[in-house]
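Commentary on secondary and tertiary structure
Here are the chains, one letter per residue:
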Amino acid sequence: MSYGYFSNDPRLYVIPERLKNVGYVIPVLSPKGGVGKTVVSAALALTLSELGFKVGVLDLDLTNPSQHILFDVELREMPEEDRGVKPPEYFGVKLMSVAFYSRGNPLPLRGWEATNVIREVLAITLWDTLEYLVIDTPPGLTDPVLEILTLVKNPKPLIITTASQFSINALKTILTILKELNVRPVGVIENMSSKPSNDVKEICEKYEVRYLSNVPYDQTLNASLKLPEFQQTRFFTSMRDIATKIPEILT
Ligand SMILES: Nc1ncnc2c1ncn2[C@@H]1O[C@H](COP(=O)(O)OP(=O)(O)O)[C@@H](O)[C@H]1O
Ligand SMILES: [Mg+2]
């Protein structure tokens, strides 16, 4: 991919250094918004941490960063800085978010401005040794997401979809583009489905991507979008089963 006039950006050399002690980077992607990327990212990170892994969450949803809400973090608490930013730990997971800088205000970023923020956050964040870094992303394959996939060496995207016709159509698009980019997803989660849909399974087969699981709709989830209540939900229990598969798949 061409970086245009940004090709001499020194951050492009810094970012691989910053990620060198991170085992697997899992960008959580979806063909469209509102399908559960944020709740899946948080649950995946927390459940992998329960399994004893060192895990980080990076919220790069520039328009609607929400991980700090789920992790119940006051935006007055700025991360510690020492020649870079050290992500604070909450509920056993290291958390970094663009919201620490936007302070919850909207970030109306265009094209290169959005790319710039992605690069800046990746370049300034000093992760400790991590086995997994889960990245919450904006919906679709827009500039910021493509930038993440370009800057991270060997990303392992987790795709979240629903069984709705709109999502399914967009799922084909995202899988086609990932194939063109030579990026192999770790798998697809079908969210808010009581049973696996044949349509989603067929697309996974066609694109040779693992269908990980369906996750049922949990009526209590919207009232429990904050830790620690989030960990008591049925949604979280479903995610626990899925998370146990991830280390086996990735090794
Ligand atoms: N399995 C589920 N059961 C019930 N509600 C869900 C489920 N998955 C997601 N939601 C709800 O759907 C909404 C969108 O989820 P979110 O994680 O913010 O999606 P995205 O990050 O993809 O935009 C949230 O209100 C969330 O609580
Ligand atoms: Mg989200």
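Summary of the structure given here. What you see is a predicted model, and the numbers here were worked out from it, not measured in a lab. (Residues numbered from 1 in each chain as written. Chains lettered and ligands numbered in written order. Predicted model: local features only at pLDDT ≥ 70, side-chain atom pairs only at ≥ 80, totals over all residues. Heavy atoms only, no water.)

1. As for the overall build of the protein
Each helix and strand counted, the protein has 9 helices and 10 strands in total. For 251 residues, the compact-globule formula gives about 18 Å, and the C-alpha radius of gyration of the protein, at 17 Å, lands near that figure. Overall, the protein is about 50 × 40 × 35 Å in size when its C-alpha atoms are taken along their principal axes. A total of 251 residues make up the protein; the buried ones form 55% of that total. Within the protein, contacts between residues separated by at least 24 positions form 78% of all contacts whose residues are at least 6 apart in sequence. Carbon and sulfur atoms form 49% of the exposed surface of the protein, whose accessible area is close to 12,000 Å². Averaging the positions of the 26 positive and the 29 negative side-chain charges in the protein gives two centres separated by 3 Å. (Helix = DSSP H or I, 4+ residues; strand = E, 2+ residues; numbered from the N terminus. Rg over C-alpha atoms; globule rule 2.2 N^0.38 Å. Buried < 20%, exposed > 50% of the residue type's maximum accessible area, 1.4 Å probe, protein only. Contact = heavy atoms within 4.5 Å. Areas by Shrake-Rupley, 256 points an atom, 1.4 Å probe, with all protein chains shown as cover. Lys, Arg positive; Asp, Glu negative; His and termini not counted. Charge placed at Lys NZ, Arg CZ, Asp CG, Glu CD.)

2. Remarks on the pairing of strand E8 (residues 158–161)
Burial of the side chains of E8 extends over both faces: Leu158 and Ile160 are buried on one face and Ile159 and Thr161 on the other. Two strands pair when backbone bridges link them, and strand E1 (residues 22–29) and E8 are joined in this way by 2 bridges, in the parallel orientation. Looking at the pairing, leucine 29 lines up with isoleucine 159 of E8. Across 4 bridges, the pairing between E8 and strand E9 (residues 187–191) is parallel. Note on E9: the bridge partner recorded for isoleucine 160 is isoleucine 189. Once you follow E8 into helix H7 (residues 165–180) and on to E9, the crossover reads as right-handed. (Pairing = 2+ DSSP bridges. Right-handed = clockwise from strand over helix to strand, strands pointing away.)

3. Topic: the packing of helix H1 (residues 11–18) against helix H5 (residues 111–124)
Running from N to C, H1 and H5 cross one another at 45 degrees; their axes reach a closest spacing of 8 Å. Comparing their axes, H5 and H1 come out oblique. Between H1 and H5 lies a crossing whose hand is left-handed. Where H1 approaches H5, its residues Arg11, Leu12, Val14, Ile15 and Arg18 are matched on the opposing element by Asn116, Arg119, Glu120, Leu122, Ala123 and Ile124. Residue composition of the contact of H1 with H5, grouped by class: 6 nonpolar, 1 polar and 4 charged. (Axes fitted to C-alpha atoms, helices over the stretch in contact; angles between N-to-C directions. Parallel < 35°, antiparallel > 145°, perpendicular 65-115°, else oblique. Left-handed = near helix turned anticlockwise from the far one by under 90°. Nonpolar A, V, L, I, M, F, W, Y, C, P; charged D, E, K, R; others polar.)

4. Digging into the sheet that holds E9
Pairing is mixed across the open sheet formed by 8 strands, whose spatial order is E5-E6-E2-E7-E1-E8-E9-E10. Across the chains shown, the open sheet's two edge strands, defined by having one partner strand only, are strand E5 (89–90) and strand E10 (211–215). Two elements, E5 and strand E6 (residues 93–97), share 2 bridges in a ladder whose sense is antiparallel. Following the sheet pairing, glutamate 89 is matched in E6 by lysine 94.

5. Quick notes on unusual backbone geometry
Of the consecutive residues leucine 227 and proline 228, the connecting peptide bond is found in the cis state with omega at 5 degrees. Following the sequence through the fold, proline 228 ends up in the loop between E10 and helix H9 (234–250). We note that asparagine 154 has phi near 55 degrees; this positive angle belongs to a residue other than glycine. Looking at the element boundaries, asparagine 154 is found in the loop between helix H6 (143–151) and E8. Located in the positive-phi region is asparagine 182, a residue other than glycine, with phi close to 65 degrees. By the element assignment, asparagine 182 lies in the loop between H7 and E9. Judged by relative accessible area, asparagine 182 falls into the exposed class, the value being 72%.

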